[in-house]
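Structural characterization, general
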Amino acid sequence: MEQVNEDTLAAARKVIAVHINYPSRAAQRGRTPAQPSYFLKPSSSLALTGNAVERPAGCELLGYEGEIALIIGKAARSVGIDDAWSHVAAVTASNDLGVYDLRYADKGSNLRSKGGDGFTPVGPGLLPADAVDPANLRIRTWHNGELVQDDTTGDLLFPFARLVADLSQLLTLEEGDIILTGTPAGASVAKPGDVVEVEVSTADAGLSSGRLLTRVEEGSTPFADFGAQPRTDDLQREEAYGSRKAAGIAPAESALSPALKAKLESVCTATLSSQLRKRGLNNVSIDGLTSTRPEKRVVGLARTLRYVPNREDLFKTHGGGYNAQKRAIDSVNAGEILVMEARGEKGTGTIGDILALRAQVRGAAAIITDGGVRDFSAVAALELPTYYANPHPAVLGRRHIPWDTDITIACGGTTVQPGDIIVADSDGILVIPPALAEEVADDSIMQEREETFIAEMVEQGHSVDGLYPLNATWRAKYEEWEAGRSHD
């Protein structure tokens, strides 16, 4: 097998890296791009297997990311997807190293944070592109001998041929250029003394690049004071390590704490609605939907998915494969509610039994769509509540294209943003701005206590005049009643 050598590195005039391409990484990051996006790494960042890389002096977070590298074999300019793979000569392993301490200074270009000398090791062996199936490759990474990344290219957001074709629309990919194709979940931080290894193989292990080995050393030359200085915070640590837990950071405080969730679960939407109205919020209900589990009260944070009207040419690029609908289902987290904008279009299904089951397995609190549901009997049999406009047998593509996720949407006549608090019961569905949720919940609890007193008084035969709402006389009696309850 041909090996990556100094000539290979010298031939690379450009190193292009993809931001997010693996569903597992998208789920970890909490965002799924609709289109690929890229950044450049200088060719001086390339290195061979066995070389050491310095963690720059003063830096804390040297991140590693095992990736599959494509080596361009012949120039590509304005090529189509069907022809793109023929422009790739080989694939090999790569490690997209970078220091999170300098991300703030580059505003997305990643030049300093990922462009340091030795920050792009590649190799050791080259797998001929015509001998492998690009949709059937395996990428693995070991950190100090422990397997930390293990994924395949079977369900990439953007298959390799699409990346080559997309890039070639605007710039010429030249012979020797290298494309780093994204990293799966499991990337983390390496410290001086650590060893990181990356391997690319065919899924049947018939061909392998061998392990690309990189040792980490501590840099000794501090940054000069005329440029950006390393700095980091808990957000960078979380992103570098992959999670707050892995970084040793206390969990972030959620907009929906367990205590707030319990308060909202204790009151009905009718009461919450009246409290929201007192604050000038009249357009916060998702209207016209039915629940498969009307007996359940649901409280959770919104995740969003938007469908656009079907257009056949766009459905070809956005409707099939691991589309936005599937990505949304695969990234919804425990306790979250997936809210779908279907424009009130009832002439097709927007969710079916398999994807609804997947959401239930992931721990979603509910699914809300202002469109149709197909496989209705199976969906209705799930424990997961689904709120829907009507059953319909047609598949998604009859009227919709799944377009994007985690954006502001419209559903059932109101606006929903990612992170809004959704409360639903047999009376309806409310969208509560997180900043108001605590006071709305507290005032709703107080209101329901008053209404319990009022109901008792009405049951005893009192007129509602002056009682509902409470006048001064009845309020004094209510306060006596409430004081008596608190002593019981």
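Now for a quick tour of the structure. What you see is a predicted model, and the numbers here were worked out from it, not measured in a lab.

Cut-offs and rules
All residue numbers refer to positions counted from 1 along the written sequence of the respective chain. Side-chain atom pairs in this predicted model are given and counted only at pLDDT of 80 or more, local residue features only at pLDDT of at least 70, and totals for whole chains, interfaces and linings cover all residues. For side-chain calculations, the full set of non-hydrogen atoms in the structure is used, while hydrogens and water are omitted. Think of it this way: any DSSP run of H or I at least four residues long counts as a helix, any run of E at least two long counts as a strand, and we number them from the N terminus. Buried residues are those whose accessible area, probed at 1.4 Å on protein chains only, stays under 20% of the maximum for their type, while exposed residues exceed 50% and partly exposed ones sit between those limits. With residues, only the protein chains shown are counted as cover, and all accessible areas are computed by Shrake-Rupley using a 1.4 Å probe. Here the positive residues are Lys and Arg and the negative ones are Asp and Glu; neither His nor the chain ends is included. Working definition for charges: the position is that of NZ of Lys, CZ of Arg, CG of Asp or CD of Glu. Axis definition: a line fitted to C-alpha atoms, over the contacting stretch in the case of helices. Angles run 0 to 180 degrees between N-to-C directions. Throughout, the term roughly parallel applies to angles under 35 degrees, roughly antiparallel to angles over 145, roughly perpendicular to angles from 65 to 115, and oblique to all others. Here is the rule for handedness: rotate from the far helix to the near one, and if that takes an anticlockwise turn smaller than a right angle the crossing is left-handed, while a clockwise turn gives right-handed. We call two residues in contact when some of their heavy atoms are within 4.5 Å. Residues are sorted three ways: Asp, Glu, Lys and Arg are charged, Ala, Val, Leu, Ile, Met, Phe, Trp, Tyr, Cys and Pro are nonpolar, and all the rest, Gly among them, are polar. Computed over the protein atoms alone on a 1 Å grid, cavities are sets of points where a 1.4 Å probe fits but cannot get out and pockets are open sets with protein on both sides within 12 Å along at least five of seven lines; a residue lines them when it has an atom within 4 Å of a point. Grid points are joined across faces, edges and corners, and a volume is the space filled by probe spheres set on the points. Here the rule is simple: two strands pair whenever DSSP picks up at least two bridges between them. Definition of a polar contact: a pair of N or O atoms within 3.5 Å, with one able to donate and the other able to accept a hydrogen when the atoms are protein atoms, and with sequence-neighbouring residues admitted only if both atoms are side-chain atoms. The salt bridge definition used is simple: a Lys or Arg side-chain nitrogen within 4 Å of an Asp or Glu carboxyl oxygen. Put simply, two rings from Phe, Tyr or Trp (the six-membered ring, in Trp's case) pair if the centres are within 6.5 Å, and we call them stacked under 30 degrees between planes, edge-to-face over 60, tilted for the rest. A ring is scored as having a charge over it whenever the NZ atom of a lysine or the CZ atom of an arginine sits within 6 Å of its centre and within 35 degrees of its normal.

1. Quick notes on the overall build of the protein
When its secondary structure is counted, the protein shows 15 helices and 30 strands. Expressed as a percentage of its 488 residues, the buried residues of the protein come to 50%. Counting only carbon and sulfur atoms, one obtains 51% of the accessible surface of the protein, whose full area is about 21,600 Å². Each charge class in the protein was averaged separately, 48 positive and 67 negative side chains, and the resulting centres sit 2 Å apart.

2. Some thoughts on the packing of helix α9 (residues 269-278) against helix α14 (residues 434-459)
Following both chains from N to C, one finds α9 and α14 inclined at 120 degrees, their axes separated by 9 Å at the closest point. By the criterion of interaxial angle, the relationship of α9 to α14 is oblique. Crossing geometry of α9 relative to α14 is assigned as right-handed. Mapping the contact onto sequence places T271, L272, S274, Q275, L276 and K278 in α9 and V440, D443, S444, Q447, E448 and E451 in α14. Taken together, the residues of the contact of α9 with α14 sort by class into three nonpolar, five polar and four charged.

3. Some words on empty space enclosed by the protein
For the structure on display, the rule yields one cavity of 30 Å³ or more. In this structure, the largest cavity encloses a volume near 40 Å³. Contributing to the lining of the largest cavity are R303, T304, R327, A328, S331, V332, L338, T405 and D406. At three residues, helix α11 (residues 324-331) tops the list of elements feeding residues into the lining of the largest cavity. Broken down by class, the residue content of the lining of the largest cavity amounts to three nonpolar, three polar and three charged.

4. What to know about the packing of helix α8 (residues 258-265) against α14
Running from N to C, α8 and α14 cross one another at 40 degrees; their axes reach a closest spacing of 9 Å. Between α8 and α14, the angle is such that the two are oblique. Read as a crossing pair, α8 and α14 show a hand that is left-handed. Note on element contacts: α14 touches α8 through A437, E438, A441, D442 and I445, opposite L260, K263 and L264. A class-by-class count of the residues in the contact of α8 with α14 yields five nonpolar, no polar and three charged.

5. Regarding the sheet that holds strand β16 (residues 212-218)
Strand order in this open sheet of five strands is β4-β16-β15-β11-β12, and the pairing throughout is mixed. Since the sheet does not close on itself, it has two edges, and those belong to β4 (52-55) and β12 (146-152), each with one partner. Each adjacent strand pair in this sheet contributes to an overall mean axis angle of 20 degrees, direction not counted.

6. Thoughts on the sheet that holds strand β5 (residues 62-64)
Strand order in the open sheet formed by three strands is β8-β5-β14, and the pairing between neighbours is antiparallel. One side of each edge strand has no neighbouring strand; the edge strands of this open sheet are β8 (98-99) and β14 (188-190). Two elements, β5 and β14, share three bridges in a ladder whose sense is antiparallel. Among the inter-strand pairings, L62 is bridged to a residue of β14, identified as A190.

7. Re α11
α11 sits mainly inside the fold: six of its eight residues count as buried. Those residues of α11 that sit buried are A324, Q325, R327, A328, I329 and S331. Here the buried face of α11 lies against α2 (23-29), β19 (298-309), β20 (336-341), β21 (349-351), α12 (353-361) and β26 (400-405). The N-cap residue of α11 is N323: its side-chain oxygen and the backbone nitrogen of Q325 are 3.1 Å apart.

8. Considering the pattern of salt bridges
A complete count under the given rule lists 33 salt bridges for this structure. Put simply, R237 and D234 hold a salt bridge, and the shortest N to O gap is 3.2 Å. In this pair, R237 and D234 are both assigned in helix α7 (residues 234-241), three residues apart and thus about one turn of the helix distant. In this structure R237 comes out as partly exposed when scored by relative accessible area, which is 22%. Put simply, D406 and R303 hold a salt bridge, and the shortest N to O gap is 2.8 Å. Placement of D406 in the loop between β26 and β27 (409-411) and of R303 in strand β19 is noted, with a sequence separation of 103 residues between them. Each of R25, K41, E65, D96 and K114 takes part in one network of salt bridges that share partners.

9. Some thoughts on the side chain of E448
Looking at the element boundaries, E448 is found in helix α14. Buried E448, no salt bridge; nearest opposite-charge side chain is R297, N-O distance 6.0 Å. If near-sequence neighbours (up to four positions away) are discounted, E448 is found in contact with S266, V267, C268 and T271.

10. A look at the packing of aromatic side chains
Within this structure, the stated rule accounts for six aromatic pairs. Taken together, the aromatic side chains of F453, W474, Y478 and W481 make up a single cluster linked through ring pairs. We note R211 situated over the ring of W142; from NZ or CZ to the ring centre the distance is 3.5 Å. Between the NZ or CZ atom of K477 and the centre of the ring of W474, over which it lies, the distance is 4.5 Å.

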